[in-house]
Amino acid sequence: DLYPRLPAEMQVCCQFAQLYNEEFLDLFDPPARLSQDGSGNIVGAKTLCLPHAEALLEKVREGTSYRASSRTAMNDASSRSHAILSLHVLEDSSISACLVVKKAPAA
């Protein structure tokens with residue numbers, strides 16, 4: 001687990017996209033379409049900063065539910081797309097364009 005090893009001033013942020021029919025789609029903000037810059041980097045994806053591994057996995061499961069899929073001769077639930085999960089470990093001071101998802105306080 002990455003989270004327990006991080007100093008307090010560090011956060012894990014991520015983006016989740018799919019490549020389907022030669023188009024990039026944001027799996028954290030469907031049906032937003034994304035583009036690539038001249039270096040091949042995906043541009044415009046929603047970035048989430050998540051407080052713990054369980055929150056990250058929950059968002060990935062939610063994003064996975066938006067992936068394109070259809071039946072093929074070899075597989076009834078083929079994804080027919082490529083998923084790209086980008087993780088970024090950042091210092092708090094460098095986080096500006098991220099949506100920070102905080103853990104709800106215990107009741």
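Residues numbered from 1 in each chain as written. Predicted model: local features only at pLDDT ≥ 70, side-chain atom pairs only at ≥ 80, totals over all residues. Heavy atoms only, no water.

Undergrad: Please explain the overall build of the protein as it appears in this structure.
TA: Each helix and strand in the protein was counted, giving one helix and seven strands. Listing the helices and strands of the protein from first to last along the sequence gives β-β-β-β-β-α-β-β. Counting over 107 residues, the protein shows a buried share of 29%. Contacts spanning at least 24 positions in sequence make up 61% of the contacts within the protein whose residues lie at least 6 apart. As displayed, the protein has an accessible area near 7,300 Å², and 51% of this comes from carbon and sulfur atoms. (Helix = DSSP H or I, 4+ residues; strand = E, 2+ residues; numbered from the N terminus. Buried < 20%, exposed > 50% of the residue type's maximum accessible area, 1.4 Å probe, protein only. Contact = heavy atoms within 4.5 Å. Areas by Shrake-Rupley, 256 points an atom, 1.4 Å probe, with all protein chains shown as cover.)

Undergrad: Help me out: how do you make sense of the state of the cysteines in this one?
TA: Working definition: the covalent bond between the sulfur atoms of two cysteines is a disulfide. Throughout the structure, instances matching the rule amount to one disulfide. Between Cys-14, a cysteine without a disulfide, and Cys-13, which holds the nearest cysteine sulfur, the sulfur-to-sulfur distance is 7.4 Å. (Disulfide = S-S within 2.5 Å.)

Undergrad: I would appreciate a short explanation of the pairing of strand β3 (residues 33-36) in the present structure.
TA: Regular strands place their side chains on alternate faces of the sheet. With two bridges connecting them, strand β2 (residues 23-26) and β3 associate as antiparallel partners. When the bridges of β3 are listed, Phe-24 appears paired with Leu-34. Taking the residues that link successive antiparallel strands as the turn, the β3-strand β4 (residues 42-43) hairpin has five residues, and the phi of Gly-40 there is positive, at about 90°. (Pairing = 2+ DSSP bridges.)

Undergrad: Sorry, what's going on with the nonpolar core here?
TA: Side chains that are nonpolar tend, in soluble globular proteins, to be buried together. Grouped together as the largest cluster of nonpolar side chains are 13 residues, with contacts concentrated most on Tyr-3, Val-12, Cys-14, Phe-16, Phe-28, Leu-50 and Leu-56. Elements with a contribution of two residues or more to this core: β1 (10-20), β5 (48-50) and α1 (53-64). Among the elements that make up this core, the one with the highest residue count is α1 (four residues). Among residues more than four places away in sequence, those in contact with Cys-14 are Phe-28, Lys-46, Thr-47, Leu-48, Leu-50, Leu-56, Leu-85, Ser-86, Leu-87 and His-88. (Core = buried A, V, L, I, M, F, W, Y, C linked by side-chain atoms within 4.5 Å.)

Undergrad: How should I be thinking about the environment of Leu-48 in this particular structure?
TA: Structurally, the position occupied by Leu-48 is in strand β5. In the structure, Leu-48 is positioned 36 residues away from Val-12 in sequence and 8.4 Å away in space, judged by C-alpha atoms.

Undergrad: Even after reading the chapter, I still don't get α1, so can you show me in this structure?
TA: Structural remark: α-helix, 3.6 residues per turn; residues separated by three or four positions point the same way. Here α1 is twelve residues long and its end C-alpha atoms lie 16 Å apart, about the 16 Å a rise of 1.5 Å per residue gives. Buried within α1 we find Ala-53, Ala-55, Leu-56, Val-60 and Gly-63. Buried residues of α1 fall within an arc of 160° about the axis and therefore sit on the same side. Facing away from the buried surface of α1 by more than 90 degrees, the exposed residues are Glu-54 and Arg-61. Elements in contact with the buried residues of α1: β1, β5 and β6 (82-91). (Expected span 1.5 Å × (residues − 1). Arc of directions from axis to C-beta.)

Undergrad: How should the environment of Thr-47 be read in this particular structure?
TA: Locating Thr-47 in the fold gives a position in the loop between β4 and β5. The exposure class assigned to Thr-47 is buried, which follows from its relative accessible area of 13%. Spatially, the C-alpha atom of Thr-47 lies 9.9 Å from that of Asp-26, the residues being 21 residues apart in sequence.

Undergrad: What is the right way to read the side chain of Ser-81 from this model?
TA: Counting through the fold element by element, Ser-81 comes out in the loop between α1 and β6. In this structure the side chain of Ser-81 is engaged in a polar contact, spanning 2.9 Å, whose partner is the side chain of Gln-18. Dropping the residues within four chain positions of it, Ser-81 is found in contact with Gln-18, Leu-19, Tyr-20, Arg-67 and Ala-68. (Polar contact = N/O pair within 3.5 Å; in protein donor to acceptor, adjacent residues only side chain to side chain.)

Read these as geometric descriptors, not functional statements.
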